[in-house]
Amino acid sequence: MALKITVIGTGYLGATHAAAMAEMGFEVLGLDVVPEKVGLLASGRVPMYEPGLEELLAKHVAGLEGSTGRLRFTTSWEEVGAFGDVHFVCVNTPQKHGEYGCDMSYVDAAFASLAAVAREGSLVVGKSTVPVGSAERLAATLPAGVDLAWNPEFLREGFAVQDTLHPDRIVVGVSGDGAGRAEKLLREVYAVPVGEGSPFVVGDFPTAELVKTAANSFLATKISFINAMAEICEAAGGDVVKLAEAIGHDERIGNKFLRAGVGFGGGCLPKDIRAFMARAGELGVDQALTFLREIDSINMRRRGQMVEMAREAVGGSFLGRRVAVLGAAFKPDSDDVRDSPALNVAGQIHLQGGQVTVYDPKGMDNARKVFPTLAYADSALEAVRGADVVLHLTEWREFRELDPAELAAVASSPVVLDGRNALDGERWRAAGWTYRAMGRPRA
């Protein structure tokens, strides 16, 4: 008999995982405690922008014309308990307010509710990013006959559907008497991607929990490393883009995540490295991760550097100056503005007296909620109109394909600061712009 899957929490991770499980052929029931979210998903829509996700939902959500009907959503824990053979917990683990540590309240609440309804013989699978040691603690909260496995997610916003259906690796942590059965069930769940060649890595609870935070810490380190090199290049007159190209040819280093700019943001990397540091302190090995404090510092410092570059470009003061900011989302192909470097820079300039107008292809509604006092335009052209300086802070393809001559005709002063090193500088200069990029020589 085919396994039945439940997904607890239908945010970015959960909604994607539920739709992907249906695509793999399983009957899936998603649960959320927010009725409005359940209603939205049941209509085939999602409360966030993620390429391909709404199309995948429409293909499988029950009640929609032409769908397979394999995917439903509910607010009932009793329905989840009666339905599911495998329960995936995909709830949020935000940073604690005013602290570095991870807020486990949503995970704890989900496990408590699930423990009350899960059938004997079912498997609970944690996918949320949690501090190492959490799985062992949570396993003790489940009733006898209900096993636990930990299966961290590695989704990239903008590529979440692809990453779920065709993962570059599947990591599973198991423990205790039910380890063999848990592994067998998850091999069945992931039979399609494993059959396509995705590696299936099995370890213990602590290792599985550490994989996600270790991976994110490494990526954050690589980004902050090249941004530190950008600081040196700015002082010494070097070119960080050529530097990155040169060291990227070394196969031990590689060229990914070596684009200097205003740094990383979003709901994962910043809070994950901070939670990792906090947990290391709790374990008495805080010195092992002191380098992450500097990684975080470098990352935040780049935002301030972009503000200073903009201040210099407008003559030393933002008062009475109009600043166009291209970008609000923390990365392209997403509407996520959590800890967005683009919005952080825009907000700092606004607080210092600048008249800031923001445009982003997908992140405008979320940006307005976070910074309602900023001005927002309906297009890049309107954002640039009358601007004394233009800041390129999210590397959307739309921005790379802009006509710099058309923008120059409406800007008050054709000065562009490329905070992502993604624009064609020669093309912009040829159209009459003064082009500057982080970590590169002035032309």
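First things first, this report covers the structure right here in the doc. Worth saying up front: this structure is predicted, and the values here are computed from it rather than measured. Here the residue numbers are simple positions, counted from 1 along each chain's written sequence. Per-residue local features are limited, in this predicted model, to residues with pLDDT of at least 70; the limit for side-chain atom pairs, both in listing and counting, is 80 or more; totals at the level of whole chains, interfaces and linings are taken over all residues. Side-chain metrics rest on all non-hydrogen atoms present in the structure, leaving aside hydrogens and water.

**Structural notes on the state of the cysteines**
Piece 1. When two cysteine sulfur atoms lie within 2.5 Å, the pair is treated as a disulfide. Tallied over the entire structure, the rule returns zero disulfides.
Piece 2. In this structure Cys 102 is not part of a disulfide, and its nearest cysteine sulfur, from Cys 268, lies 11 Å away.

**A word on the packing of helix α10 (residues 205-236) against helix α13 (residues 290-313)**
Piece 1. All axes are obtained by fitting lines to C-alpha atoms, using only the stretch in contact for helices, and the reported angles, taken between N-to-C directions, cover 0 to 180 degrees. Under the scheme used here, helices are H or I runs from DSSP no shorter than 4 residues and strands are E runs no shorter than 2 residues, and both carry numbers assigned from the N terminus. Following both chains from N to C, one finds α10 and α13 inclined at 50°, their axes separated by 9 Å at the closest point. Put simply, α10 runs oblique to α13. In the crossing of α10 with α13, the sense of the turn from one axis to the other is left-handed. Along its contact with α10, which presents Ser 217, Ala 220, Thr 221, Ser 224, Asn 227, Ala 228, Ala 230, Glu 231 and Glu 234, the element α13 presents Phe 291, Leu 292, Ile 295, Ile 298, Asn 299, Arg 301, Arg 302 and Gln 305.
Piece 2. Here the contact of α10 with α13 is built from residues that sort into seven nonpolar, six polar and four charged. Under this scheme an angle from 65 to 115 degrees is roughly perpendicular, one under 35 degrees roughly parallel, and one over 145 degrees roughly antiparallel; angles in between are oblique. For any pair of crossing helices, the crossing counts as left-handed if the nearer helix is rotated counterclockwise from the farther one by less than a right angle, and right-handed if it is rotated clockwise. The contact rule is simple, with two residues in contact once any of their heavy atoms fall within 4.5 Å. In this classification, the charged set is Asp, Glu, Lys and Arg, the nonpolar set is Ala, Val, Leu, Ile, Met, Phe, Trp, Tyr, Cys and Pro, and all remaining amino acids, among them Gly, are polar.

**Let's talk about the sheet that holds strand β12 (residues 389-392)**
Piece 1. One requirement defines pairing of two strands: DSSP has to find at least two bridges between them. Ordered by their spatial adjacency, six strands build an open sheet running β11-β10-β9-β12-β13-β14, and the pairing between neighbours is parallel. Either end of the sheet is taken by a strand with one partner, and the two such strands are β11 (375-376) and β14 (434-437).
Piece 2. Inspection of the sheet shows strand β10 (residues 355-359) paired to β11 by two bridges, in the parallel sense. Residue pairing across strands places Thr 357 opposite Ala 375, the latter belonging to β11.
Piece 3. Here helix α14 (residues 341-351) sits on the sheet in contact with β9 (322-326), β10, β11 and β12, set at roughly 160° to β10.

**Brief notes about the pattern of salt bridges**
Piece 1. Any Lys or Arg side-chain nitrogen located within 4 Å of an Asp or Glu carboxyl oxygen qualifies as a salt bridge. Scanning all chains against the criterion turns up 32 salt bridges.
Piece 2. The closest approach of N and O atoms between Glu 294 and Arg 301, which form a salt bridge, is 3.7 Å.
Piece 3. Note that Arg 385 and Glu 382 form a salt bridge whose closest N and O atoms lie 2.9 Å from each other.
Piece 4. Type-normalised accessible area, obtained with a 1.4 Å probe on protein chains alone, sets the label of each residue: buried when under 20%, exposed when over 50%, and partly exposed for intermediate values. Residue Arg 385 is classed as partly exposed on the basis of its relative accessible area of 37%.

**Thoughts on the pairing of strand β13 (residues 415-418)**
Piece 1. Neither face of β13 is exposed, since Val 415 and Leu 417 on one face and Val 416 and Asp 418 on the opposite face are all buried.
Piece 2. Bridge count for β12 against β13 is three bridges, and the pairing is parallel. Its bridge partner being in β13, His 392 is matched across the sheet by Asp 418.
Piece 3. By the bridge criterion, four bridges tie β13 to β14 in an arrangement that is parallel. For Val 416, the partnering residue across the bridge sits in β14 and is Tyr 435.
Piece 4. Call a crossover right-handed when, viewed with both strands pointing away from you, the route from the first strand across the helix to the second goes clockwise. For the handedness criterion, the β-α-β arrangement of β13, helix α19 (residues 425-430) and β14 is classed as right-handed.

All we've got here are geometric facts, nothing functional implied.
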